[in-house]
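Each chain, written out:
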Amino acid sequence: MRTQVAIIGAGPSGLLLGQLLHKHGIDNVILEARTGEYVLGRVRAGVVEKGTVDMLDEAGVGARLHREGLVHDGTEIAFDGKRHRIDFAELTGKTVVVYGQTEITRDLMDGRAATGGKTIYEAADVSLHDFDGSSPKVRYKKDGKEHELACDFIAGCDGYHGASRRSVPEKSIKTFERVYPFGWMGLLSETPPVSPELIYIHSPRGFALCSMRSNTRSRYYVQCDAGDKTEQWSDERFWNELRARLDEKGRDELVTGPSIEKTIAPLRSFVAEPMRFGRMFLAGDAAHIVPPTGAKGMNLAVSDVHYLSRAFIEYYKEKSSAGIDHYSAKALARVWKAVRFSWWMTSMLHKFPETGEFGEKIQIAELEYLFSSKSAATALAENYVGLPY
Ligand code: APR
Ligand code: PHB
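Residues numbered from 1 in each chain as written. Chains lettered and ligands numbered in written order. Predicted model: local features only at pLDDT ≥ 70, side-chain atom pairs only at ≥ 80, totals over all residues. Heavy atoms only, no water.

A. Inspection of the overall build of the chain at higher detail. Helices and strands together make up the secondary structure of the chain, namely 13 helices and 20 strands. In terms of overall size, the chain behaves like a compact globule, its C-alpha atoms giving a radius of gyration of 21 Å where 389 residues would be expected to give roughly 21 Å. Dimensions along the principal axes, computed over C-alpha positions, put the chain at roughly 60 × 40 × 40 Å. In the chain, buried positions account for 54% of the 389 residues. Taking the intrachain contacts of the chain between residues at least 6 apart in sequence as the baseline, contacts between residues at least 24 apart amount to 71%. Counting every atom, the chain has about 16600 Å² of accessible surface; 52% of that belongs to carbon and sulfur. Each charge class in the chain was averaged separately, 50 positive and 52 negative side chains, and the resulting centres sit 3 Å apart. (Helix = DSSP H or I, 4+ residues; strand = E, 2+ residues; numbered from the N terminus. Rg over C-alpha atoms; globule rule 2.2 N^0.38 Å. Buried < 20%, exposed > 50% of the residue type's maximum accessible area, 1.4 Å probe, protein only. Contact = heavy atoms within 4.5 Å. Areas by Shrake-Rupley, 256 points an atom, 1.4 Å probe, with all protein chains shown as cover. Lys, Arg positive; Asp, Glu negative; His and termini not counted. Charge placed at Lys NZ, Arg CZ, Asp CG, Glu CD.)

Structural data, given as C-alpha cells:
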C-alpha cells in the first residue's frame with residue numbers, strides 16, 4: 001500500500017491531522033493499535049482552548065462542541081477557606097470551553113468516517129522504517145498478516161507509550177523529565193457540579209479539583225500518593241476527602257453519588273527534542289506529557305497538529321519545505337511554555353512531601369501575590385486560555 005502521510009495513532013492528534021490533510025486533498029492512512037471503542041473508552045480532561053476550538057472548526061468537526069460545550073469565562077482558586085476568581089474574559093478577552101476529550105475524539109472519528117478516510121484499527125506490531133531516507137515505510141500486522149505501508153512522511157501520533165518515539169536512535173533524541181511524587185485520583189459521577197465553574201483547590205491535605213462534563217455530570221480529582229491503587233479509594237473515602245479539602249460553601253453544596261468511573265493518573269512533565277527525525281514527525285503525547293493541572297495535554301496535541309498540518313500542506317501545495325524544516329522548533333517553543341505553565345500550576349497548588357515548611361511558605365506567598373496582583377492573574381489567565389500559535 002502507498003500513501004502520502006502515514007499517521008500512527010487515532011487519538012486527538014492523529015485524527016485531527018488526518019481530517020486537515022484530507023481537507024487539502026493529501027492522502028493519509030491512520031494505523032491504530034486498538035479498537036475505536038477502546039480509544040473512546042478512555043476518560044480524559046475536558047478544557048478546550050480557543051485555538052483548539054478554531055482548529056476543530058477548520059477540520060469541520062466543531063458543531064457538537066458549540067452545541068453542547070460549556071463556555072467558561074473564568075475559574076476559581078480556593079485557598080485558606082476562601083475562593084478567588086480568575087476572570088479570563090475580563091483579563092484576556094478570551095474564554096475556554098468545557099467539553100470532554102472523549103467527545104472530541106468521537107466527533108473526529110465521525111468526521112473521518114464521513115470523509116471515508118482510511119483508518120486501520122487493531123493494527124498490531126507497528127514498526128517504522130527508513131524515515132532517515134527518502135522512502136519511509138510502516139509495517140504492521142492485521143488479522144495475523146504482515147502489511148507494509150509506503151509513504152512520503154510518517155506522523156507519530158501514538159502517545160507516550162507508542163512505537164514512533166521508541167524507533168528513534170537514542171543518540172538522535174534528548175528527553176527532559178520531572179516525575180511528581182503524587183498522583184490524581186479522579187472520579188466521574190452523574191451528579192450536578194458543585195459550582196458552575198472549575199475550582200482548583202490548595203489545601204493542607206493536598207490538591208483537589210472540581211470539574212464537570214455537563215450540568216448533570218461531574219468530574220472530581222484529589223491529590224493522592226503516587227503508589228495508591230484505585231481499589232484503596234472507595235467512593236465514600238473519595239467524597240469524604242474531597243469534602244475535607246473543599247471550603248464551607250463547597251461542602252454545603254456538594255452533591256455526591258455513586259462513581260461511574262474512577263482512575264488514578266500519575267503526574268509527570270516530559271519533553272522529547274527534537275520533534276522531527278528525517279521524514280518522521282512526532283506530535284502530541286508522543287513528544288511531550290504535562291501534568292493535568294494546567295489542562296494543556298490535548299490542547300498541546302492540537303497545537304502540534306496546527307504546525308504539522310500547515311507544514312505538510314505547504315510541502316504538497318507550494319512545494320516548499322520551510323514548514324517541515326521549522327516544525328520542530330515552532331512546536332517546541334509553544335510546548336515549553338505550556339510545560340512551564342503546567343509545572344507552575346502543579347508547584348503552586350499541590351502538597352509536596354519533601355519541600356517542608358519553607359516550600360509551604362513560598363506557595364502561600366505565590367497564592368497571595370496571585371490574588372493581589374492583576375498582572376499575576378492576567379499571566380495565569382493568558383496561559384490558561386491558550387497562548388497564540
Ligand atoms: N501502534 C499504533 N497505535 C498506537 C501505538 C502503536 N504502537 N501505541 C499507541 N497507539 C495509539 C493509542 O492506542 C492511542 O489511541 O495511539 C493513540 C495515541 O493517542 P493519545 O494517547 O490520546 O495521544 P494524542 O493523540 O497525542 O493526544 C494527547 O491525549 O492523553 C491525552 O492528556 C493527553 O490530552 C492529551 C491527548
Ligand atoms: C477535567 O475536566 O478532567 C480537567 C479539567 C481541568 C484540568 C484537568 C482535568 O486542569
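Let us keep going from here.
B. Structural context of the site of ligand 2. The environment of ligand 2 is made up of 14 residues, and the closest members are Tyr200, Ser211, Arg213, Tyr221 and Pro292. Note that an oxygen atom of ligand 2 is positioned 2.8 Å from one of the side-chain N or O atoms of Arg213. Tyr221 is positioned such that a nitrogen or oxygen atom in its side chain is 2.5 Å from an oxygen atom of ligand 2. Out of a free accessible area of 280 Å², ligand 2 has 100% covered by protein chains. (Near = heavy atom within 4 Å. Polar contact = N/O pair within 3.5 Å; in protein donor to acceptor, adjacent residues only side chain to side chain.)

C. Representation of the site of ligand 1 in the model. Taken together, 25 residues surround ligand 1, and among them Ser13, Glu32, Arg42, Gln101 and Met298 come closest. Interatomic distance of 3.3 Å between a backbone N/O atom of Pro12 and an oxygen atom of ligand 1. Between ligand 1 and Glu32 there is a distance of 2.6 Å, counted from an oxygen atom to a side-chain nitrogen or oxygen. Of all the secondary structure elements, the ones that give two or more residues to the shell around ligand 1 are helix 1 (12-23) and helix 10 (297-318). The element contributing the most residues to the shell around ligand 1 is helix 10, with three residues. Grouping the constituent residues of the shell around ligand 1 by class yields 11 nonpolar, eight polar and six charged. (Nonpolar A, V, L, I, M, F, W, Y, C, P; charged D, E, K, R; others polar.)

D. Structural context of the packing of aromatic side chains. Applying the stated criterion across every chain yields a total of 22 aromatic pairs. With 6.4 Å between their ring centres and 70° between their planes, Trp233 and Phe238 make a pair best called edge-to-face. On the accessibility criterion, Phe238 (0% relative accessible area) is buried. Where Phe281 meets Tyr327, the ring centres are 5.9 Å apart and the plane angle is 70°; that geometry is what we call edge-to-face. With a gap of 46 residues between them, Phe281 in strand 19 (residues 280-282) and Tyr327 in helix 11 (residues 322-349) connect regions that are remote in the sequence. Relative accessible area serves as the criterion here: at 0%, Phe281 is assigned to the buried category. (Phe/Tyr/Trp six-rings, centres within 6.5 Å; stacked < 30°, edge-to-face > 60°.)

E. Highlighting the side chain of Glu261. Structurally, Glu261 can be placed in strand 17 (residues 259-273). In this structure Glu261 comes out as buried when scored by relative accessible area, which is 18%. Polar contacts involving the side chain of Glu261 include one to the side chain of Arg219, which spans 2.7 Å.

F. Up close: the state of the cysteines. The full count for this structure, using the stated rule, is zero disulfides. Free cysteine: Cys224, not disulfide-bonded; nearest cysteine sulfur from Cys210 at 16 Å. A relative accessible area of 4% places Cys224 in the buried class. (Disulfide = S-S within 2.5 Å.)

G. Representation of the packing of helix 1 against helix 10. With their axes 9 Å apart at the nearest point, helix 1 and helix 10 run at an angle of 30° to one another. Viewed along their axes, helix 1 and helix 10 adopt a mutual orientation that is roughly parallel. For the pair helix 1 and helix 10, the sense of crossing is right-handed. Along its contact with helix 1, which presents Pro12, Ser13, Leu16, Leu17, Leu20 and Leu21, the element helix 10 presents Met298, Ala301, Val302, Val305, Leu308, Ser309 and Phe312. By residue class, the composition of the contact of helix 1 with helix 10 is 11 nonpolar, two polar and no charged. (Axes fitted to C-alpha atoms, helices over the stretch in contact; angles between N-to-C directions. Parallel < 35°, antiparallel > 145°, perpendicular 65-115°, else oblique. Left-handed = near helix turned anticlockwise from the far one by under 90°.)

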